[in-house]
Amino acid sequence: MSFSKPGLHAIEQIIHCLPSSLRNCTVYLSRKPCTTCTTFLIQGSVSSVYYWPTAPEKKGDESEVKEDIQQSDHVLLKSHTSSSVLLPMASFETVKVIAKKIPYKGKPNSESKLLDDKTEEFKKYCSLFNMHSCEDTFVKRMKNALRCYDFLLVCSQLEKKRPEDAVHQHALQLCYFLAARSSDPHRGVGCVLYSQDGYFFGAGYNGYPIGILYANLPRAGRKSQARGFAKRGVVLHAETNVLLYRSKPKIEETDVLYCTKPPCHDCQNLLKDMKIKTIHCVEESSKQSEKSHLDDLKKNFDYHEWKQRRTQPTAVSTDSEDSRRTEGRDDEDPPLPYLKKEELCIYLALHMEKKSETAGNAGIVVCEASKPKRIIALGCATKELHAVPKVLLRFPNALKGCEVYMSRKPCNYCAILLVQAQVSQVYYWPNIETNMAEKDKRDHVDAIFTESYVVAATYVPTIDDVRKMQILDSNRRAPSDAGKIESVLDKATLQRFNLGHLKEKELEEYKNTLSTAEDCFKHLASCKDEEIIILEDKESTVKKNCEYTHALQLCDLLASRSDTKNGVGTVIYKEDDIVALGYSGYPKGSMNSLFCKGGDFDQHAIVCAEANAIIMSSERDLSNAELITSRRPCDDCLKLIRAKNIAKVIWPLRDGNTGPSSALPASSSSAPLEQSGGIAEDPSEGASVAAADGEPE
C-alpha cells in the first residue's frame, strides 16, 4: 500500500520499490490512473485495475483531464489489463455487525465528501466516466460505500499532540480497516508494517488458517473450561500473518509495526527475532494483570501506546450530519442476494443425491480451486458404482488440484480414490441421519485424509434467516414453514463429523445454521411444475411433466447463483448425462462493475444461461441433445440452439413464460426477453458430467 508524494505518483513509487512483484496482481486505486501510471501498470503486467470514480492526478484544465482519461482508456483497451470503476456493495447493516468486533471509544467519522447529484461537478464526473446510463445507481452506491467507510473509520479520535502524529493515526486507521476482515468470532485485530521509504509492505489480520470453514475448529474464547477446546491454539494473530505475508524479505531497523492492540508474548518473540524495533499500538487495557505484558513491550521495543478520546455524540447535530447518519436505511442499494459458488456446489451435490438409484448414496460436484472456479463434473451414485469412481472414470486425470463437494461423508474406498486423484479439498454435508449400520463400520476416512495432502471438512452454508428470505424472494420462492432440525446430535455423531469441540451454545447455533441452510435448499429446489413446454422440430407442445422435474429443480438451483434479477438456469443432457450447465449473469470480472448495475447497459451486458451452457459445453456435438431451462429462451439463444442442432428445448409453463402459441417465433427479429441474462457457467452431469463456466470473479 502506498500514496502519492510530491513529484512521484503512488503507482510509480510502488513499482520503484517492488519492481517485479506486480505480475498478475490486482491493483486498487483511490482515483483513475493517469496515462503515465497506466503505462507503468501495463508494463508491470498487472491483471486488473479497479479505481474509485475520481479524476486522475493530472494538472491542467478540464479539457486536458478529459483528454488524459481518453488516452488512458485507449491504452488499456489495447492491453491485456482490465480496468473498471469499483464501488463497494457491502450492506450498511452488515458493516455495523462487523464493527462490533472492533472495540473503540469514539464515534463514526463524518468527513467523507459526498457528491451532490444536482451539481455541475456530479454531471462532470458522469461524463468523464461514461455513467450517464446509471446515474441513480452511482448515487446510491456512492452514498452506501461512504457510509460504510465512515462507520469503519473509527480511529479518528486518537489524541494528537504533534502535527507528525497524523502519520501514526493514518497507519492505525488502516489497521482498523484490516480488523474488519477478521474471521475471529469475537475480536478483530489489524496490523501493518511501514517502511521509511514511504510505503506499507505488510498487512495482516487475525483469524483461522486459510481454507478453514465454519465450525470445523474451536470457536470458544480463552475462558473456556474444557481443556483443548478454546480457539486460542488455532487462531493466527495479526502480527504473525503480517510477518508471513510481507512483501519485503528483509526488515530494516527503521521499519515500524502498527497494531490495534499490544502484541502478546508469543508475537513479541517473533517480532524480536525479525529485528523489529518500533511498535505503535492502541491502548488495550489498564488491568493490573497486563502490567507485566506492557513492561516486556517497553523493555524490548521502542514502544508507543495511543489512547482514544472518549467522545459522546453531540445532543444537537446539523441537518447534514444527521442525514448522513440516517440516510440510506431505506434507499441503500445492497448487492443482489445469490448463492456463493461453494454454497451452490454443496447444494448441487445434495440435489444430485436425489437422483441416485440407491438410497443413501452420495451426489458429487467437482470444481476448480482457482477463480472463476469452473465446475468440471457433477454426478451421482448408481447401483454398481459410487459417485466418486463414476466421475473419476469419466474424467481421468481431470481432478488434480480441484475441490470436491459431496452430499455426505465419503466412504473409505472413495476417500482413497480422491487422494489418488490428487484433489486439493473435500467438503461434505454433515448427514445427521446416518443410520446405525454406518456408525458401526470402521471409519478410516479421517486418517486417510490426514495422512495425505487433502483437506477434508464438513461444510454448511452460513445463511441466516434474513439472507435466506432475500434469496428465496429474489428467486420467487415462498418462505419455508419447516421447523428446526430436531435430530439428536449424540457424541458419536459429533465425533464422526469432527464437531466434538462444540459447546452447548455453539452446538445450538450450528444446528440452527444447518436447519436454515437445509430449509433454503429445499425451497430453492422444490418446484414441481405440472406442465412443461417441449419445443421439437420447430413445433411446440404442452405436456404433463413427469421425467424433467429433477432437471428443472437443478435449473432453479443454478438460477440462485445468478447476480441478476429473475435469474435463469440451464442444463443440457445428452445420452442421460449432463454435458453442460449455465446460469444468467454479467460477464466474468464485472460483478462489481458500476456500469453493469443499471440503465440500458444491462440489456447488452448480460449473458444468457442458455448461451453459457452451449458455449461451455464439454461436448462439441450437441445434436440430439436436450436443453432444459427455467425460462423460455430469448430469440438470440434460439439461434444458438438451432445452430447446435439441439433436438429438444424444455421449459416450465410458469407465470411469465410464454405458452406454446408463441413459444418460438418464426423470425428472430424481436427483442430479447426481459429475463435473459447470463454468466458463463459450469458444466455438470446428471449421472456424471463435464463443462465449464465463467463467473464474475
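Keep in mind it's a predicted model, so treat the numbers as computed, not measured. For every chain, the first residue of its written sequence is number 1, and the numbers climb from 1 along that sequence. Only residues with pLDDT of at least 70 are given local features in this predicted model, and only at 80 or more are side-chain atom pairs given and counted; all residues enter the totals for whole chains, interfaces and linings. Just so you know, side-chain values use all the structure's heavy atoms and leave hydrogens and water out.

## Comments concerning the overall build of the chain
- Secondary structure summary: the chain contains 23 helices and 21 strands in total.
- Buried residues in the chain amount to 52% of all 697 residues.
- Note on contacts: a residue pair is in contact if any heavy atoms of the two residues lie within 4.5 Å. Sequence-distant contacts in the chain: of pairs separated by 6 or more residues, those separated by 24 or more amount to 69%.
- Here the open area of atoms and residues is found with the Shrake-Rupley method and a 1.4 Å probe, where only the protein chains shown may cover a residue. A total accessible area of about 34,300 Å² is found for the chain, and carbon and sulfur atoms account for 50% of it. The numbering of helices and of strands both runs from the N terminus, where a helix is a DSSP run of H or I of at least 4 residues and a strand a run of E of at least 2. Working definition: with a 1.4 Å probe on protein chains only, accessible area under 20% of the residue-type maximum means buried, over 50% means exposed, and in between means partly exposed.

## Description of the packing of helix α13 (residues 387-394) against helix α14 (residues 412-420)
- To get an axis, a line is fitted to the C-alpha atoms, and for a helix only the part in contact is used. The angle between two axes follows their N-to-C directions and goes from 0 to 180 degrees. Running from N to C, α13 and α14 cross one another at 30°; their axes reach a closest spacing of 9 Å. When the interaxial angle is binned, α13 and α14 end up roughly parallel. Considering the relative orientation of α13 and α14, their crossing is left-handed. Each of V388, P389 and L392 in α13 lies in contact with α14, whose residues at this interface are C414, L417 and L418.
- Polar here means any residue other than Ala, Val, Leu, Ile, Met, Phe, Trp, Tyr, Cys and Pro, which are nonpolar, and Asp, Glu, Lys and Arg, which are charged; Gly is therefore polar. Per-class residue counts for the contact of α13 with α14 are six nonpolar, no polar and no charged. The cut-offs work like this: below 35 degrees is roughly parallel, past 145 is roughly antiparallel, 65 to 115 is roughly perpendicular, and the gaps in between are oblique. Should the near helix be turned anticlockwise from the far one by less than a right angle, the crossing is left-handed, and should it be turned clockwise, the crossing is right-handed.

## Let's talk about the packing of helix α9 (residues 265-273) against helix α10 (residues 291-300)
- For the pair α9 and α10, interaxial distance at closest approach is 11 Å and the crossing angle is 5°. Taken together, the axis directions place α9 and α10 in an arrangement best described as roughly parallel. Mapping the contact onto sequence places H265, Q268 and K272 in α9 and H293, D296, L297 and N300 in α10.
- When the residues that make up the contact of α9 with α10 are grouped by side-chain class, the tally is one nonpolar, four polar and two charged.

## Observations regarding the sheet that holds strand β3 (residues 82-85)
- Within the open sheet, the three strands sit side by side as β1-β2-β3. Their pairing is parallel. Two strands close off the open sheet at either side, each with one partner strand: β1 (26-29) and β3. Geometrically, the sheet is characterised by an average inter-axis angle of 15° between neighbouring strands, direction not taken into account.
- Strand pairing is assigned whenever DSSP identifies at least 2 bridges connecting the two strands. When β1 meets strand β2 (residues 48-51), the two strands line up parallel, connected through four bridges. Considered in β2, the bridge of T26 is made with S48.

## Quick notes on the environment of D61
- With respect to the helices, strands and loops of the structure, D61 is situated in the loop between β2 and α3 (62-77).
- The class for D61 is partly exposed, based on a relative accessible area of 44%.
- A polar atom in the side chain of D61 sits 2.7 Å from the side chain of S63. Here a polar contact is recorded for every N or O atom pair within 3.5 Å, except that within protein the pair must consist of a potential hydrogen donor and a potential acceptor, and residues adjacent in sequence are included only if both atoms are side-chain atoms.

## Regarding the sheet that holds strand β10 (residues 375-380)
- Within the open sheet, the five strands sit side by side as β10-β9-β11-β12-β13. Their pairing is mixed. Looking at strand neighbours, the two that pair on one side only are β10 and β13 (455-458), the edges of this open sheet. Neighbouring strand axes in the sheet, compared pairwise and without regard to direction, differ in orientation by 15° on average.
- Sheet topology note: the strand β9 (residues 363-367)/strand β11 (residues 403-406) ladder contains four bridges and is antiparallel. Counted as the bridge partner of V366 is V404 from β11.

## Examining the nonpolar core
- As used here, the term nonpolar core means buried Ala, Val, Leu, Ile, Met, Phe, Trp, Tyr and Cys residues forming a set that is joined through side-chain atoms within 4.5 Å. By size, the foremost hydrophobic cluster in this structure holds 77 residues, and its most contacted members are Y347, L348, V366, V571 and I628.
- Counting 48 residues, the second largest nonpolar core, distinct from the first, contains L29, A55, A238 and L297.

## Quick look at a negative patch on the surface
- On the surface, a cluster of negative charge is made up of D61, E62, E64 and E67.
- One can find E64 in helix α3.
- E64 gets classed as partly exposed once you look at its relative accessible area, which sits at 37%. Exposure above 30% relative accessible area and the lack of any salt bridge qualify a residue for a patch; like charges then connect within 9 Å, and the nonpolar side chains Val, Leu, Ile, Met, Phe, Trp and Tyr within 5 Å. A pair is scored as a salt bridge if a Lys or Arg side-chain nitrogen falls within 4 Å of a carboxyl oxygen belonging to Asp or Glu. The charged-residue count follows a simple rule in which Lys and Arg add positive charge and Asp and Glu add negative charge, with His and chain termini not counted at all. Where a charge lies is defined by one atom per residue type, namely NZ (Lys), CZ (Arg), CG (Asp) and CD (Glu).

Any link to function would need more than the numbers given here.
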